[in-house]
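Here is what each chain is made of, one letter per residue.
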Amino acid sequence: IGGAQLINPDVEAELPEIMRISDKIVAIVDSERSDPNASISNRITGFVEPCAKVGIDYFVLQRRATENYLTDRAVKHEMGTAFRGLQPFELLRDAENPWSKRDNWRIARAMKLEEIDTTDLGQILKKL
């Protein structure tokens, strides 16, 4: 839903509008954590509180972002051997050879179910 544009504490008025699309809305939110012990930012916790208030199920990912779940194999398959998968808390733009976020869907399409199944994102997707 636009990243930081709507993932913020001031989103409460917009959420009912999003719910007009469907009553089955789920928010999967990047944690944006820089390491496994880092706290979730106030911006993100401020977003999930209104979600809970209006009845939107939400999940905050354990890893930094969705691209941190893309495997090295899938990244290389779609982007070439000059690219590599990210570490769990690595920022995409800090990678030696970052790809465009616009390519995430292509890389995800190359993933195998067993590559994501055991992650928290895989467990979230199973619940849906």
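All chains use their own residue numbering, which begins from 1 and follows the written sequence. Side-chain atom pairs in this predicted model are given and counted only at pLDDT of 80 or more, local residue features only at pLDDT of at least 70, and totals for whole chains, interfaces and linings cover all residues. Side-chain measures were taken over the full set of non-hydrogen atoms in the model, leaving aside hydrogen atoms and water.

The next point concerns the side chain of Thr-119. Strands here are runs of E lasting at least two residues and helices are runs of H or I lasting at least four, both read from the DSSP assignment and numbered beginning at the N terminus. The residue Thr-119 is located in the loop between α5 (113-116) and α6 (120-127) in this model. Here a polar contact means two N or O atoms within 3.5 Å. Within protein one must be a hydrogen donor candidate and the other an acceptor candidate, and residues neighboring in sequence count only if both atoms are side-chain atoms. A distance of 3.1 Å separates a polar side-chain atom of Thr-119 from the backbone nitrogen of Gly-122. We call two residues in contact whenever any of their non-hydrogen atoms come within 4.5 Å of each other. When sequence neighbours within four positions are dropped, the list of residues in contact with Thr-119 reads Arg-63 and Tyr-69.

Before going further, it helps to spend a moment on helix α2 (residues 42-54). Helix span, expected: 1.5 Å multiplied by one less than the number of residues in the helix. Helix length check: α2 (13 residues) gives 19 Å between terminal C-alpha atoms against 18 Å at 1.5 Å per residue, within 8%. When we look at burial in α2, the residues that qualify are Ile-44, Gly-46, Phe-47, Val-48, Pro-50 and Cys-51. Phi for Gly-55, located one or two positions after α2, is positive at around 90 degrees. Throughout this description, buried means an accessible area under 20% of the type-specific maximum (1.4 Å probe, protein chains only), exposed means over 50%, and partly exposed covers the range between.

Okay, the pairing of strand β1 (residues 26-29) next. Where burial is concerned, the two faces of β1 differ: the one with Ala-27 and Val-29 is buried and the one with Val-26 and Ile-28 is not. In the sheet, β1 pairs with strand β2 (residues 57-60) via 4 bridges, with the strands oriented parallel. Opposite Val-26, over in β2, you have Asp-57 as the bridge partner. We call a crossover right-handed when, viewed with the strands running away from us, the connection from the first strand over the helix to the second turns clockwise. Crossover connection from β1 via α2 to parallel β2: handedness right-handed. If DSSP finds at least two bridges between two strands, the strands pair.

Here Glu-90 shows up in the loop between α3 (72-79) and α4 (104-109). Through-space distance from the C-alpha of Glu-90 to that of Asn-42 is 20 Å; in sequence the pair is 48 residues apart. Ignoring anything within four residues of it in the chain, the contact list for Glu-90 reads Arg-64, Asn-68, Arg-84 and Ala-95. In terms of polar contacts, Glu-90 uses its side chain to reach the side chain of Arg-84, at 2.6 Å.

A word on the confidence of the model for the chain. The share of residues in the chain with pLDDT of 70 or more is 95%, and the mean pLDDT across the chain is 92. Across the chain, each position has a pLDDT score giving the predictor's confidence in that residue, from 0 to 100. Taking the mean pLDDT of every element in the chain, the minimum, 86, falls on helix α1 (residues 15-19) and the maximum, 98, on α3.

This paragraph deals with α6. Looking at α6, one finds that the buried residues are Asp-120, Leu-121, Gly-122 and Ile-124. Buried residues belonging to α6 abut β1, β2 and α5.

By definition here, a salt bridge exists when the distance from a side-chain nitrogen of Lys or Arg to a carboxyl oxygen of Asp or Glu is within 4 Å. One pass over the full model with this rule turns up 12 salt bridges. Across the pair Arg-73 and Glu-115 runs a salt bridge, and its minimum N-O distance is 2.8 Å. Taken together, the residues span a long stretch of sequence, with Arg-73 in helix α3 and Glu-115 in helix α5 at a distance of 42 residues. Close ionic contact of Arg-84 with Glu-96 constitutes a salt bridge, the shortest N to O distance being 2.7 Å. Of this pair, Arg-84 sits in the loop between α3 and α4 while Glu-96 sits in the loop between α3 and α4, placing them 12 residues apart in sequence. Owing to a relative accessible area of 23%, Arg-84 belongs among the partly exposed residues under this scheme. Residue Glu-96 is classed as exposed on the basis of its relative accessible area of 65%. One network of salt bridges, in which partners are shared, links Glu-78, Asp-103, Arg-106 and Arg-109.

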